[in-house]
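# Notes for the structure review
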Amino acid sequence: MLQYSKSNKYKSKRNAIVIGGGIGGIAAAIRVNALGYKTTLIERLSALGGRAQVFKKNGYIHDAGPTVLTAPFLFDELFTLLGTTREEHVDFRALDPWYSYYFHTGETFDYRAEVPDTLEEIRKFNFDDTKNYLRLLAASEKIFDVGFTELSSKPFNNLSTMILQTPNILRLGGYRTVSQFVNSYLKHPLLRKAFSIHPLLVGGNPFSTTSIYSLIHFLERKWGVHFCMGGTGNLIRSLYELMCQNQIDVVLETDIARLEVSDKIVKYAISSTGTKYEADLFISNIDPPTLFDEVLPYKRSPFNKILPDSLTTYSMGLFVLFFGTKKRYENIAHHTIWMGKRFKSLLTDIFKNKTLSDDFSLYLHRPTATDTSFAPKGNDSFYVLCPVPNLLASINWKVEGPKLSQRIIEALDKTIMPDLSKHYVDDFFMTPEDFRSDYRSTHGAGFSIAPSLTQSAWFRYHNHDSSYKNLFLVGAGTHPGAGMPGVLCSAKVIEELIINKNIH
Ligand SMILES: Cc1cc2nc3c(=O)[nH]c(=O)nc-3n(C[C@H](O)[C@H](O)[C@H](O)COP(=O)(O)OP(=O)(O)OC[C@H]3O[C@@H](n4cnc5c(N)ncnc54)[C@H](O)[C@@H]3O)c2cc1C
């Protein structure tokens, strides 16, 4: 059990600088502040949240990034560290269904909050798969017990940790892909697709992501799928206010251009306008490839992330289309997965061939299904997320963006949202180029480096690089990985490292 500043044990007179105000950076700032550091968080954008920005246009409100909230206790812990409870500030609503699937065949499948309801839905496709799903869930729980409970908040900096855990990873079949894991249980081709999508939520191709990520099935079952009323942006806003009340300084619109290092100690963070920030401890929430390539004076040590840069693979890019509708589409659930005909070959086009196909699969967010404040009365607010190649592809987004946006509207109009072409308004979109320019994400990747086996655990960017004694790393590119639960856990990892290294 860690102890915080009130106990004096970890009371520190030192100061810490967190660079980047994504969810990982926010969690890190709250945790080191609670350890007693005088903490300053520096963010280049005009608001905190990183990918969890909020866009507003003519009365339509859009969370720009994360919307599916799992493992809520990880947020609850932050509110506790800020001296309050999460319930006093924000309302997390449990959703049901979690996701509604629409398949190219016109069939639908609701992934429900209760197992018996999910089995009822599975039965519509294949009776045998009801038993198979229960077996899949039991296998996912075994992976979860090790992958999440034991390892997600533990540092993976040392080879010895990796060696110690390798038998576990092998026993749980971590060398298999998520797709192989799912296919070894389920028989129906559409259910196989539906239950394989989880890696896409953290930037991986289900056909190459280690099956360790199959733990997400059980993680969702254990704590449910929630929505923060007022949106993820409201959650960030609440944390921001509490951070200010807890004397955490937040400096916005300040880009840290470089870190000045002497004798393996980071001395200053220097902004693009030349302001120098001095601290005893630095925590980076910058995308790690960007940190090592552009901000630090010398590249990562080979012991930080083992795979050489030339073999590093990145998560896919994201095309995100935002719009409102002048009517309500009551039949559309809060979270919809709209699946095109192609799956494996489409993902090969995105991840490997790096070509923009005419077809796609989509995730559709309709927050107004749960919270009508996201749109003017009687209207809906939507965002559509379409996985696309990252910027390692040569795609002219100025030309392709409007065309893709039109194809998406037409596909939805023809299927689950009749007459959408007539009713949509105030549309705009983000492409991988915006991810690169706004968040400084290398190659405009949606989720930093991909979650393959050779880029996970010890093989992922370490949370501490021994070349820089007082520099710690949090966020999607570091262990344990992308997604809100992952980046919140990365902040727990560095907290433990800071305490163990006795830096305070
Ligand atoms: C469209 C989309 C939907 C998603 N949906 C979900 C979901 O439903 N559920 C879920 O759990 N996860 C989801 N994710 C993933 C999740 O949002 C991310 O993995 C997570 O938020 C990343 O957090 P992070 O701490 O790595 O920081 P980031 O969000 O990457 O933020 C890093 C911050 O650092 C700042 N920064 C970078 N360089 C500098 C610098 N030099 N100086 C100052 N500041 C700098 C950037 O501006 C940015 O604000 C989604 C992601 C996207 C893009």
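Not measured: the values here are computed from a predicted model. Counting starts from 1 at the beginning of each chain's written sequence and moves along it residue by residue. Given that the model is predicted, a residue must reach a pLDDT of at least 70 before its local features are reported, and side-chain atom pairs must reach 80 or more before they are shown or counted; all residues, however, enter totals for whole chains, interfaces and linings. Just so you know, side-chain values use all the structure's heavy atoms and leave hydrogens and water out.

## Overview of the site of the ligand
Test applied: Only heavy atoms are used to decide nearness, and a residue is near a molecule or strand if one of them lies within 4 Å of it. Under this definition, polar contacts are N or O atom pairs within 3.5 Å; protein pairs additionally need one hydrogen-donor-capable and one acceptor-capable atom, and for neighbouring residues in sequence, both atoms have to be side-chain atoms. Accessible surface area values rest on a Shrake-Rupley calculation with a 1.4 Å probe, where residue burial reflects the displayed protein chains alone. Gly is placed with the polar residues, together with every amino acid not listed as nonpolar (Ala, Val, Leu, Ile, Met, Phe, Trp, Tyr, Cys and Pro) or charged (Asp, Glu, Lys and Arg).
Taken together, 37 residues surround the ligand, and among them Gly24, Glu43, Arg51, Val68 and Met484 come closest. Contact between the ligand and Arg51: an oxygen atom at 2.5 Å from a side-chain N or O atom of the residue. Here an oxygen atom of the ligand and a backbone polar atom of Ala476 are 2.8 Å apart. Here the ligand, which alone exposes 1,000 Å², has 95% of that area covered by the protein. Within the shell around the ligand, the residues separate by chemical class into 20 nonpolar, 11 polar and six charged.

## Let's talk about the domain arrangement of the protein
Counted only if it meets this: For the domains described, the bounds stem from an automatic or database domain assignment. Note on contacts: a residue pair qualifies if any of its non-hydrogen atoms lie within 4.5 Å across the two residues. Summed over both partners, the accessible area lost on bringing two parts together, with a 1.4 Å probe, is the buried area. Any carboxyl oxygen of Asp or Glu that lies within 4 Å of a side-chain nitrogen of Lys or Arg is treated as forming a salt bridge with it.
On domain assignment, one finds that the protein holds domain 1 (5-44 + 254-307 + 448-500) and domain 2 (99-224). The straight-line distance from the C-alpha centre of domain 1 to that of domain 2 is 30 Å. Between domain 1 and domain 2, the residue contacts involve 21 residues of the former and 21 residues of the latter. Contact with domain 2 buries area across many residues of domain 1, yet Pro451, Leu453 and Trp458 alone supply 35% of it, more than any other trio. Summed over the shared surface of domain 1 and domain 2, the number is one salt bridge. Note that Lys154 is salt-bridged to Glu496, the shortest N-O span being 3.4 Å. At the boundary of domain 1 and domain 2, one finds four residue pairs in polar contact (both at pLDDT 80 or more). In terms of residue class, the side of domain 1 that touches domain 2 is made up of 11 nonpolar, eight polar and two charged.

## Notes on the environment of Asn168
Basically, it comes down to this: In this text, helices come from DSSP runs of H or I with a minimum length of four residues, and strands from runs of E with a minimum of two, each type numbered from the N-terminal end.
Take Asn168: it is sitting in helix α5 (residues 159-171). Residues Asn168 and His335 lie 167 residues apart in sequence; the distance between their C-alpha atoms is 34 Å. Once residues within four sequence positions are removed from consideration, Asn168 is found in contact with Val146 and Glu150.

## Considerations on the environment of Leu235
Cut-off, in case you're wondering: To sort residues, take the accessible area from a 1.4 Å probe on protein chains only and compare it with the maximum for the residue type: under 20% means buried, over 50% means exposed, and anything in between is partly exposed.
With respect to the element layout, Leu235 can be found in helix α9 (residues 232-245). The buried category is assigned to Leu235, whose relative accessible area is 0%. In this structure Leu235 touches Leu69, Phe75, Phe79, Val90, Phe92 and Cys228, once residues within four positions along its chain are discounted.

## Description of the packing of helix α4 (residues 128-150) against helix α8 (residues 215-223)
We apply this condition: Axis definition: a line fitted to C-alpha atoms, over the contacting stretch in the case of helices. Angles run 0 to 180 degrees between N-to-C directions. Any angle that falls under 35 degrees is termed roughly parallel, while one over 145 is termed roughly antiparallel, one within 65 to 115 roughly perpendicular, and all others oblique.
Contact pair α4 / α8: the axes reach a minimum separation of 7 Å and the direction vectors enclose 90°. As judged from the angle between their axes, α4 and α8 are roughly perpendicular. Contacts from Tyr133, Leu136, Leu137, Ser140, Glu141, Ile143, Phe144, Gly147 and Phe148 of α4 reach α8 at Leu215, His217, Phe218, Leu219, Arg221, Lys222 and Trp223. A class-by-class count of the residues in the contact of α4 with α8 yields 10 nonpolar, three polar and three charged.

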